[in-house]
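The chain contents come next:
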Amino acid sequence: MTSVAESLGKTSVQPGPIARLFDWKPFLIVICLLPAVGLLTVFLTYPLGLGVWLSFTDTKIGRDGFFVGLENFASLARDPIFWLSVFNTIVYTALATVLKFGLGLWLALLLNEYMPFKALIRAIVLVPWIVPTVLSAMAFWWIYDPQFSIISYFFKDVVPIREQNFDFLGEPWPARLSLIAANVWRGIPFVAISLLAGLQTISPSLYEAAMLDGATGWQRFRYVTVPMLMPVLAVVLTFSVIFTFTDFQLVYAITRGGPNNATHLMATLAFQRGIPGGQLGEGAAIAVAMIPFLVAATLISYFGLARRKWQQGESND
Amino acid sequence: MTDAVQQVAAKPARTGVISWHSTPRRVATIYLPLACFVVVLLFPFYWMTITTLKPNHELYNYKDYNPFFVHSPTLVNVKKLLFDTEYPQWLFTTMSIAIAATVLSIFASVLAAYAIQRLRFRGSQWVGLAIYLAYLVPPSILFIPLATMVFKLGLYDSPFALILTYPTFLIPFCTWLLIGYFKSIPYELEECAMIDGATRLQILRKITLPLAVPGLISAGIFAFTLSWNEFIYALAFIQSSEKKTVPVAVLTQLVQGDDYQWGALMAGALFGSIPVALFYSFFVDYYVSSLTGAVKE
Amino acid sequence: MASVDIIDAAKSFGAVRVIKGVNIPIGDGEFVILVGPSGCGKSTLLRMIAGLEEISEGQIRIGSRVVNDVPPKERDIAMVFQNYALYPHMTVADNMAFSLKLKQAPKSEITAKVDRAAQILGLGPLLQRYPRQLSGGQRQRVAMGRAIVRDPQVFLFDEPLSNLDAKLRVQMRTEIKELHQRLKTTTIYVTHDQIEAMTMADRIVVMHDGIVEQMGVPLDLYDRPANLFVAGFIGSPAMNMIKGSIRNSSFETEKGNHLPLGNAPAASEGRRAIYGVRPEHIHLAGDGIPAEVVVVEPTGAETQVIVKAGGDELTCVFRERITAKPGETIRIAPELKVVHLFDADDGRRLSA
Ligand SMILES: Nc1ncnc2c1ncn2[C@@H]1O[C@H](COP(=O)(O)OP(=O)(O)O)[C@@H](O)[C@H]1O
Ligand SMILES: [Mg+2]
């Protein structure tokens, strides 16, 4: 009996009702999730739905639209510029992704070697990725200048293998490739540093075991490095594909879709039609047309990941 | 170069790693390609800087001046940027917006990550997954509907349009980063605190947050950088020059007509990059860890 | 201080029943050890007492208060975790003072209590250090100090010694025991190590698969294990167990050999049973059963010998030094007073 009295005496500070409420788990969970879920619902989920709705209307800037069914999509389907932008987006994404991952993996492997000043080099390598994309895009714009391109100068006057300046942005294919080069330049650091992190989680003893098993350098790469890197690769690939596919800044800064709409991506075309053009409904339809591609990319990498759960070791709780 | 080679050759066995490759081969297969990467990755910044510092007569005359170097450096372009444009104003706007969006996002993300990872309720994984998926929704497909919302809410051309929309990509990122950090804190610490008499909010404040400080810093600087670099929303929702953020302003306010003032433009690009680059140089390790941490989740 | 009563307590995680209804009365000031193989639900039960896991069925009382719906901080208990759970960002002193600060105790009281605990545990010089600057044993002491400072009704320990090396473990065992003798606080201690249980406990609760197999003072469990599980779990090396049946007041193994019985239980002729004898209860005897030596493992103080007798392998521990080589034959005899018999079907103890 005494023990009860004692125990009651000792739990001295009885919390007030508000403190009690905040210690009640269901209430606390709601409170904690409210800001994030609220903001995301209002400014992400709702606009996502609104975008789909807008794509079925003829909304213009300053005027609410009416439901027009599939009219926007029908007119896009007849619009060669739209199809060109789809083509450009796919080429841009495919080529840039292949190059980014090829070169990024190479750079990651180089950075994984022992060398002096490794941390410094790693830090330097990331710089293109942290600087605002438009601003580095402007540097590329200047580098691609028809008259004063430093690349032209280099190949004309330093190693004279060309007679004329390159016309980087004046013709469709050179312009596309120039944009892809700029995108690859900007994307390599992210890929390389992410894959480097993946590489560093591979235990050296695996390589030693493989070496004792008689594996050549290539075989070690093929049978140890690549499979162990797969989970990281899948995630990085998803991100990279999604953000390359929906890229806007580089094209907007360097060519604005020119010459003659030859380099419009879906995102820049959507912007062009929607904001300066004022055709919000049509712009939204172009943006919505990107969604199936994005969903497909996400699902592919998700299932790629799910298949490889064993590699994470611990089971996810 | 030869010097470096000799140095490397002088101490062959390093920290137990047996190198099977000879030194020349190492140079050819590792150092040379690496040097190429570094040169290519850094060249645009070098070119930006050089262009900024060149006087006009030198800038467009490759015959008499080797374009790879500056012969008579000048600060004219810098002076013009700093004093004849609204650059200081843009800088201030960008900074304020980035800080406000970061604080808002971190606040929301800390609470959300805590609820998902530490309060563990039925369906918490699904909320976590939903937030992860939110990260995969790119701004390019949101800006049109957001633009109509911004109009309707009367936020067009107001910094709040950006402060409220940036969290859409900051919160998912920060939440995932913080979930990773929280995960590394043993549950027993919180259980022990619970037995010690702490309420859940006290546990968050006195145990979980102090231990997640590196994560908070990572999330903070990352969110700040992402806000600083954001382009499409700032381009679409802001009209007045003085309210623009640096990346948008440099592109839209400095490019006028067809006669590009490359010196001034590159000065703008350079001075728009320097603040983030400085910021980055102070926090390199946090950037690397948050980048890789986010990927691993 | 208080008694703790666990009454028909059960715990399910989803559909999995981890604790299957246990009754454990714990007296005021008692030192009770829950022991059992890992995964048997010891930690879960302890966490139910602490309030970290909900109680699915039944009741737990601390003192006379039913605590099923009382949050951990109001149960007036202290717990020492396996990984110590020291707050890494607080000094030793702050770690110990944390609970008092939360209670808004006066500064003087906090200092006094922390100093007292530090003095009891010899932590004085370490008060301003951070946990990462301490050795394993010191961390362990800080974790106990944190519990002492609370002056709780009940101490709960969850495998507190398993992160320490063997030598330190023996030393801390003594320290914890002494601490209990000094403070006399009711203590519930979880371990999977039966030696720890035997040496420290006032009373042992052997758990297996979510149920209590046997409760009792350590030597009782050793002398009179209630069933096969306890017989095999308590004692090291483990008890030898041989299948067979009772015939003519002796034990006939399945392979047809005969082992002597002191006094067969009444009306058990022909009953299928299991014959249990501890290795240390087998002696060399000139007129014993012939057994072929398989392995000899001298430890210095004693010699462990594995022999084959009539097709059954037996482990024996002799005080004598054995010079026999593998393949040779020795003669052995069980000590009849301490031979155990268990029912072959349900494993229950047969001999009185
Ligand atoms: N939170 C949980 N959810 C589901 N199962 C659990 C949980 N905690 C413990 N278990 C299961 O309960 C059983 C008993 O666990 P535990 O009490 O930790 O065992 P012990 O401490 O005796 O080793 C184990 O099989 C374990 O897998
Ligand atoms: Mg346990």
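Being a predicted model, the structure only gives us computed values, none of them experimental. (Residues numbered from 1 in each chain as written. Chains lettered and ligands numbered in written order. Predicted model: local features only at pLDDT ≥ 70, side-chain atom pairs only at ≥ 80, totals over all residues. Heavy atoms only, no water.)

1. Things to note about the packing of helix H5 (residues 80–111) of chain A against helix H12 (residues 217–245) of chain A
Residue and element names in this part refer to chain A. One way to put it is that H5 packs onto H12 with a least axis distance of 11 Å and a crossing angle of 140°. Taken together, the axes of H5 and H12 are oblique relative to one another. The two elements H5 and H12 meet at a crossing, and its hand is right-handed. For the pair formed by H5 and H12, the contact residues are Thr-89, Ile-90, Tyr-92, Thr-93, Ala-96, Thr-97, Lys-100, Phe-101, Leu-105 and Leu-109 on the first element and Phe-221, Leu-229, Leu-233, Val-236, Leu-237, Ser-240, Val-241, Thr-244 and Phe-245 on the second. (Axes fitted to C-alpha atoms, helices over the stretch in contact; angles between N-to-C directions. Helix = DSSP H or I, 4+ residues; strand = E, 2+ residues; numbered from the N terminus. Parallel < 35°, antiparallel > 145°, perpendicular 65-115°, else oblique. Left-handed = near helix turned anticlockwise from the far one by under 90°. Contact = heavy atoms within 4.5 Å.)

2. Some details on the nonpolar core
Counting 229 residues, the largest nonpolar core has Ile-254 of chain A together with Tyr-233 of chain B as the members making the most contacts within it. No other element matches helix H5 (residues 87–119) of chain B, which puts 15 residues into this core. Contacts of Tyr-233 of chain B, omitting those with residues within four sequence positions, involve Pro-139, Leu-142, Phe-143, Leu-146, Leu-162, Thr-165, Tyr-166, Thr-168, Phe-169 and Ile-238 of chain B. Grouped together as the second largest cluster of nonpolar side chains are 48 residues, Val-80, Ala-97, Tyr-222 and Ile-234 of chain C included. (Core = buried A, V, L, I, M, F, W, Y, C linked by side-chain atoms within 4.5 Å. Buried < 20%, exposed > 50% of the residue type's maximum accessible area, 1.4 Å probe, protein only.)

3. Thoughts on the pattern of salt bridges
Residue and element names in this part refer to chain C. All chains considered together, the criterion is met by 22 salt bridges over all chains. Salt-bridge contacts for Glu-53 lead to Arg-47; the nearest nitrogen and oxygen are separated by 3.2 Å. Overall, Glu-53 belongs to the buried group, its relative accessible area being 17%. Of the charged contacts, one joins Asp-202 and Lys-177 as a salt bridge, the two residues approaching to 3.4 Å between their closest N and O atoms. (Salt bridge = Lys/Arg side-chain N within 4 Å of Asp/Glu carboxyl O.)

4. A few points about the domain arrangement of chain B
All names here are of chain B. On domain assignment, one finds that chain B holds domain 1 (18–74) and domain 2 (78–295). Here the C-alpha centroids of domain 1 and domain 2 sit 33 Å apart. Listed by partner, the interface residues are seven residues for domain 1 and 10 residues for domain 2. Summed over both sides, the interface of domain 1 with domain 2 buries roughly 680 Å², with 71% coming from carbon and sulfur. Looking at the side of domain 1 facing domain 2, the largest losses of area belong to Met-48, Thr-52 and Tyr-60, adding up to 63% of the total buried there. Along the contact surface separating domain 1 from domain 2 lie zero salt bridges. Remark: the boundary between domain 1 and domain 2 carries two residue pairs in polar contact (both at pLDDT 80 or more). Elements that contribute at least two residues to the side of domain 1 that touches domain 2 include exactly helix H2 (23–53) and helix H3 (56–59). Per-element tally for the side of domain 1 that touches domain 2: the top contributor is H2, with four residues. (Domains from an automatic or database assignment. Buried area = accessible area lost by both parts, 1.4 Å probe. Polar contact = N/O pair within 3.5 Å; in protein donor to acceptor, adjacent residues only side chain to side chain.)

5. What to know about the pairing of strand E11 (residues 240–247) of chain C
Residue and element names in this part refer to chain C. As judged from the six bridges shared by E11 and strand E14 (residues 272–277), these two strands associate in the antiparallel manner. Note that in E14 the partner of Asn-240 across the bridge is Val-277. In terms of strand pairing, E11 meets strand E12 (residues 250–253) through four bridges, oriented antiparallel. What sits directly across from Arg-247, in E12, is Ser-250. As consecutive antiparallel partners, E11 and E12 are separated by two residues, and within that stretch Asn-248 has a phi angle of approximately 50°, a positive value. (Pairing = 2+ DSSP bridges.)

6. Remarks on the site of ligand 1
All names here are of chain C. All residues in the neighbourhood of ligand 1 are listed as Phe-13, Val-18, Ser-38, Gly-39, Cys-40, Gly-41, Lys-42, Ser-43 and Thr-44. Contact distances for ligand 1 include 2.6 Å between an oxygen atom and a backbone N or O atom of Gly-39. Within the side chain of Thr-44, a nitrogen or oxygen atom sits 2.4 Å from an oxygen atom of ligand 1. Contact with the protein chains hides 54% of the accessible area of ligand 1, taken as 560 Å² for the molecule alone. With three residues, the top contributor of residues to the shell around ligand 1 is helix H1 (residues 42–50). Considered class by class, the residues forming the shell around ligand 1 number three nonpolar, five polar and one charged. (Near = heavy atom within 4 Å. Areas by Shrake-Rupley, 256 points an atom, 1.4 Å probe, with all protein chains shown as cover. Nonpolar A, V, L, I, M, F, W, Y, C, P; charged D, E, K, R; others polar.)

7. Some details on the environment of Lys-42 of chain C
Residue and element names in this part refer to chain C. Inspection of the secondary structure assignment puts Lys-42 in helix H1. The residues contacting Lys-42, other than those within four sequence positions of it, are Leu-34, Val-35, Gly-36, Pro-37, Glu-159, Val-190, Thr-191, His-192 and Met-207. A polar atom in the side chain of Lys-42 sits 3.0 Å from the backbone oxygen of Gly-36.

8. Section: the interface of chain A and chain B
At the interface, 94 residues of chain A touch 98 residues of chain B. It is Phe-43, Ile-130 and Trp-142 of chain A that lose the most area in chain A upon contact with chain B, and together they represent 9% of the buried surface on that side. Our enumeration of links across chain A and chain B arrives at one salt bridge. The residue Asp-64 of chain A makes a salt bridge to Lys-152 of chain B at a minimum N-O spacing of 3.5 Å. By residue number, the principal contributor to the side of chain A that touches chain B is helix H3 (residues 25–54) of chain A, which donates 18 residues. Broken down by class, the residue content of the side of chain A that touches chain B amounts to 76 nonpolar, 10 polar and eight charged.

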